[in-house]
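Geometric and topological summary
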Amino acid sequence: MGGLSGSPAARVRGVGGVLAALVLLAAPVALAMPRYRLQAIQQFHYDAANPLWQLDRRVMACTFCHVNEGGGAPWNPFGEAIRAGFQADAAAGQKGKFPDVLYAVLKAEGDADGDGYPDVLEVFAHTLPGDADSKPDRSVAVLRAAFAAAGGVAQYAPKAPQSSGSAP
């Protein structure tokens, strides 16, 4: 007799153990954030104080750019500003990557949600630039001074790619 051996209970425990292991191995993939959100979190330095930021969906909710909590279409006003940035980039014959387009949108100092705070200041204040009801708790002037002291929009510039070669 070939195949599985042992009592039925032992076989069920064995299959259960294999299924549990597969669930544990698949959990990081299931919990993984979309690439754009991972890039934005790092570009905005939202990962700095949280060593487990890649598993913490509260670091940056999907509603940062999307209307729905689960992401996908439709996009909120800030998400639409990013989409327009990609369209403008393509119309100019460029093939900009997400960090470059995101930086260009922030440098433009737009106010996608019309709440009186430029998107870049909302990113700095950790509020939602696509939601007019989400506003910083400081005035624009106070926030702008703190933002300038922290490095201004340059702090959100994409990092230069690391070269793999060594200098001569």
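All values reported here derive from a predicted model rather than from experimental measurement.

1. Section: the overall build of the chain
Secondary structure summary: the chain contains six helices and zero strands in total. In the chain, the order of α-helices and β-strands from amino to carboxyl end is α-α-α-α-α-α. Evaluated residue by residue, the chain yields a buried proportion of 30% over its 168 residues. Across the chain, the fraction of contacts at a sequence separation of at least 24, relative to all contacts at a separation of at least 6, is 37%. Total accessible area on the chain stands at roughly 10,600 Å², and carbon and sulfur atoms take up 61% of it.

2. Some points on the nonpolar core
Within the largest apolar cluster, 24 residues are counted, with the highest numbers of intra-cluster contacts made by Phe 44, Tyr 46, Phe 64, Phe 78 and Tyr 156. Of all the elements in the fold, those that place two or more residues in this core are helix 2 (35-43), helix 3 (77-91), helix 4 (98-107), helix 5 (119-125) and helix 6 (140-149). Looking at this core element by element, the count peaks at five residues for helix 4. Once residues within four sequence positions are removed from consideration, Phe 78 is found in contact with Phe 64, Cys 65, Leu 102, Val 105, Leu 106, Ala 112, Asp 119, Pro 129 and Gly 130.

3. As for the confidence of the model for the chain
Of all residues in the chain, 77% attain a pLDDT of 70 or more, and the chain-wide mean is 83. Mean pLDDT values over the elements of the chain span from 51, in helix 1 (residues 8-31), up to 98, in helix 6. This model gives residues 21-31 a pLDDT under 50, and the stretch forms three contacts once residues within four places in sequence are excluded.

4. Observations concerning the packing of aromatic side chains
Within the structure shown, the criterion is met by 10 aromatic pairs. For the pair Tyr 36 and Phe 98, a centre-to-centre distance of 4.7 Å together with 40° between the ring planes defines the contact as tilted. Highlighted residues: Tyr 36 in helix 2 and Phe 98 in helix 4, separated in sequence by 62 residues. With a centroid separation of 5.8 Å and 85° between ring planes, the pair formed by Phe 64 and Phe 78 is classed as edge-to-face. Pair noted here: Phe 64 is in the loop between helix 2 and helix 3 and Phe 78 is in helix 3, with a separation of 14 residues, a long-range link. Given a relative accessible area of 4%, Phe 64 falls into the buried group. The positively charged end of Arg 35 is found above the aromatic ring belonging to Tyr 36, 4.9 Å away from the centroid. Its end group placed over the ring of Trp 75, Arg 83 keeps NZ or CZ at 4.0 Å from the ring centre.

5. Digging into the packing of helix 2 against helix 4
The description of two helices packed together rests on the angle between their axes and the distance between the axes. It is at 10 Å that the axes of helix 2 and helix 4 come closest, and there the two elements cross at 55°. Taken together, the axes of helix 2 and helix 4 are oblique relative to one another. Crossing geometry of helix 2 relative to helix 4 is assigned as right-handed. From helix 2, Tyr 36, Gln 39, Ala 40 and Gln 43 reach across to helix 4, where they touch Phe 98, Pro 99, Leu 102 and Tyr 103. Residues belonging to the contact of helix 2 with helix 4 are distributed by class as follows: six nonpolar, two polar and no charged.

6. Some points on the pattern of salt bridges
Going through the model one piece at a time under the given rule, you end up with three salt bridges. Glu 80 is paired through a salt bridge with Arg 83; the nearest N and O atoms lie 3.3 Å apart. Here Arg 83 and Glu 80 lie together in helix 3, a separation of three residues that amounts to about one turn. We classify Glu 80 as partly exposed; its relative accessible area is 35%. Residues Arg 144 and Glu 109 are paired through a salt bridge, measuring 3.1 Å at the closest nitrogen-oxygen approach. Remark: Glu 109 occurs in the loop between helix 4 and helix 5 and Arg 144 occurs in helix 6; sequence separation between them is 35 residues. Its relative accessible area of 34% is what places Glu 109 among the partly exposed residues.

Each value, and the rule that gives it
- Residues numbered from 1 in each chain as written.
- Predicted model: local features only at pLDDT ≥ 70, side-chain atom pairs only at ≥ 80, totals over all residues.
- Heavy atoms only, no water.
- Helix = DSSP H or I, 4+ residues; strand = E, 2+ residues; numbered from the N terminus.
- Buried < 20%, exposed > 50% of the residue type's maximum accessible area, 1.4 Å probe, protein only.
- Contact = heavy atoms within 4.5 Å.
- Areas by Shrake-Rupley, 256 points an atom, 1.4 Å probe, with all protein chains shown as cover.
- Core = buried A, V, L, I, M, F, W, Y, C linked by side-chain atoms within 4.5 Å.
- pLDDT = per-residue confidence, 0-100.
- Phe/Tyr/Trp six-rings, centres within 6.5 Å; stacked < 30°, edge-to-face > 60°.
- Lys NZ or Arg CZ within 6 Å of the ring centre and 35° of its normal.
- Axes fitted to C-alpha atoms, helices over the stretch in contact; angles between N-to-C directions.
- Parallel < 35°, antiparallel > 145°, perpendicular 65-115°, else oblique.
- Left-handed = near helix turned anticlockwise from the far one by under 90°.
- Nonpolar A, V, L, I, M, F, W, Y, C, P; charged D, E, K, R; others polar.
- Salt bridge = Lys/Arg side-chain N within 4 Å of Asp/Glu carboxyl O.

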